[in-house]
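Each chain, letter by letter, is given below.
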Amino acid sequence: SLPRPFCVYVGAALWMLWPQPFTTAFHAWPGFRAWLDYERLAMQAFTRYADLVPLIVVTTSHSICEPAWFMKQFGGLDVRPCAKGLVSKGCASSEQEGRELCASGQVNHRGAKGLAERLRSSVAAWTANRTLATVGSGGDTMRNGSSPTAVVF
């Protein structure tokens, strides 16, 4: 049998932001629900992974904003097609609300930074009521009587 995994790397952002890479359908935002429920989904993932591995390594969305060509392609897109798409699917009550949502979740520095902050808040909320080992603690702190769990960025 295979040995038990020691760690899991967790990170999701690029496919949740608008527009998704390689798309030409700027009215669509397939990752909208995941983006909207990001904190809840992250905390569910942390809980599930903590039962499986002693170490969770969380990566934020900062890296998606670094390539200049990516920003040139997607950074300044007009959010109106996205907003109209959200309204047509009942995800926004008005085009103004849709524009605000699309601008917040756009693939650019602001959108990636906002998602990274939401992830940091989720980690803080998830770890607040748990006893966690620090990395390199020697495994003396236990979570629920099982293996030690650490969360690192």
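Our subject is the structure listed above.
From a predicted model like this one, the values you see are computed outputs, not experimental measurements.

This paragraph deals with the packing of aromatic side chains. As enumerated under the stated definition, the model contains four aromatic pairs in all. Ring centres of W29 and W35 lie 5.0 Å apart, and the angle between their planes is 45°; on these two criteria the pair is classed as tilted. Feature note: the residues W29, F32 and W35 constitute an aromatic cluster, connected by ring pairs. Over the aromatic face of W35 sits the side chain of R118, whose NZ or CZ is 5.0 Å from the ring centroid.

You can see S122 is positioned in helix α6 (residues 109-127). A relative accessible area of 2% places S122 in the buried class. If near-sequence neighbours (up to four positions away) are discounted, S122 is found in contact with E39, A42, M43 and F46.

Burial of the side chains of strand β2 (residues 55-58) extends over both faces: L55 and V57 are buried on one face and I56 and V58 on the other. Pairing of strand β1 (residues 7-10) with β2, which is carried by four bridges, proceeds in the parallel orientation. By the bridge assignment, Y9 is partnered in β2 with V57.

Further remarks concern unusual backbone geometry. With an omega of -10°, the peptide bond running from W18 to P19 counts as cis. Within the secondary structure layout, P19 lies in the loop between β1 and α1 (32-36).

Throughout the structure, instances matching the rule amount to one disulfide. A disulfide bridge connects C82 with C102, and the sulfur atoms are separated by 2.1 Å. One quick way to see it: the torsion about the S-S bond of C82 and C102 is about -80°, and its sign makes the bridge left-handed. One end of the pair, C82, is in helix α4 (residues 80-88); the other, C102, is in helix α5 (residues 95-104), and 20 residues separate them in sequence. Note on C82: relative accessible area 0%, which makes it buried. Of all cysteine sulfurs, the one in C102 lies closest to C91, which takes part in no disulfide; the gap is 9.7 Å. Look at C91 and you get buried, because its relative accessible area is 19%.

Calculation notes
- Residues numbered from 1 in each chain as written.
- Predicted model: local features only at pLDDT ≥ 70, side-chain atom pairs only at ≥ 80, totals over all residues.
- Heavy atoms only, no water.
- Phe/Tyr/Trp six-rings, centres within 6.5 Å; stacked < 30°, edge-to-face > 60°.
- Lys NZ or Arg CZ within 6 Å of the ring centre and 35° of its normal.
- Helix = DSSP H or I, 4+ residues; strand = E, 2+ residues; numbered from the N terminus.
- Buried < 20%, exposed > 50% of the residue type's maximum accessible area, 1.4 Å probe, protein only.
- Contact = heavy atoms within 4.5 Å.
- Pairing = 2+ DSSP bridges.
- Disulfide = S-S within 2.5 Å.

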